[in-house]
Amino acid sequence: MITCTKCGAKNSDETLACARCGNKLQSSRRAAPGPDAMDSPLEPFRHEGVPGDLMRSLKRMLEAWAYALLLGGVAAACIVYKIWWPLYPTVALIALLLWLRRV
Ligand SMILES: [Zn+2]
């Protein structure tokens, strides 16, 4: 029995990859001392772990806030000056930006 280091699922000794998550399994029989044995346990954390995803979601959140502030600022100015036409191109611009970001 090999327990997956990633998701904790139990796999048979013959299995090379985890049946549940596809993680490469390290059999105790094949485990050889070397650079691979030292690198593997930390690799998921360094490469596909938190920093990249966190930065991406943070950036997206900041962007959304920037759009909201821009729209709010223009809306406030429109209310103050009682002119409404700048609101329409701003909404169109933000809609365009959001659309471009998704493509
Ligand atoms: Zn797994």
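These figures come from a predicted structure and were not determined experimentally. (Residues numbered from 1 in each chain as written. Predicted model: local features only at pLDDT ≥ 70, side-chain atom pairs only at ≥ 80, totals over all residues.)

Peer 1: Can you lay out the overall build of the protein for me, pointing to particular residues and giving the numbers?
Peer 2: Helix and strand counts for the protein come out as four helices and two strands. Starting at the N terminus and ending at the C terminus, the protein contains elements arranged as β-β-α-α-α-α. Relative to its 103 residues, the protein shows a buried fraction of 3%. Restricting to contacts in the protein with at least 6 residues of sequence separation, those with at least 24 account for 11%. (Helix = DSSP H or I, 4+ residues; strand = E, 2+ residues; numbered from the N terminus. Buried ≥ 20, exposed ≤ 12 C-beta atoms within 10 Å, placed from the backbone. Contact = placed C-beta atoms within 7 Å.)

Peer 1: Residues and numbers for the environment of K6, please.
Peer 2: Structurally, the position occupied by K6 is in the loop between β1 (2-3) and β2 (10-11). Judged by local crowding, K6 falls into the partly exposed class, with 13 C-beta atoms found within 10 Å. Taking C-alpha positions, K6 is 7.8 Å from C21, a pair spaced 15 residues apart along the chain.

Peer 1: Before we move on, could you go through the UniProt feature "transmembrane region" (unreviewed entry) in the protein and cite the residues and values that matter?
Peer 2: If you check UniProt for "transmembrane region" (unreviewed entry), the listed places come out as residues 64-84 in our numbering. Helix makes up 86% of residues 64-84 and strand makes up 0%, while its end C-alpha atoms are separated by 23 Å. (UniProt positions renumbered as here; feature names shortened; annotations may be inferred.)

Peer 1: So what about unusual backbone geometry? Which residues, and what values?
Peer 2: With glycine set apart, most residues show a phi of negative sign, and most peptide bonds adopt trans. Here K82, not a glycine, exhibits a phi torsion of approximately 55°, which is positive. The topology assignment puts K82 in the loop between α3 (50-81) and α4 (87-102). You can call K82 exposed: it has 6 C-beta atoms within 10 Å.

Peer 1: For the environment of L70, give the residues involved together with the corresponding values.
Peer 2: Residue placement: L70 occurs in helix α3. Considering only alpha carbons, one finds L70 and T90, 20 residues apart in sequence, at a separation of 8.2 Å. Once residues lying within four places of it in the same chain are set aside, the contact partners of L70 are T90 and I94.

Peer 1: With reference to specific residues and values, describe the confidence of the model for the protein.
Peer 2: Summary statistics for the protein give a mean pLDDT of 79 and a share of 76% for residues scoring 70 or more. Mean pLDDT across the secondary structure elements of the protein bottoms out at helix α1 (residues 35-39), with 51, and peaks at β2, with 92. (pLDDT = per-residue confidence, 0-100.)

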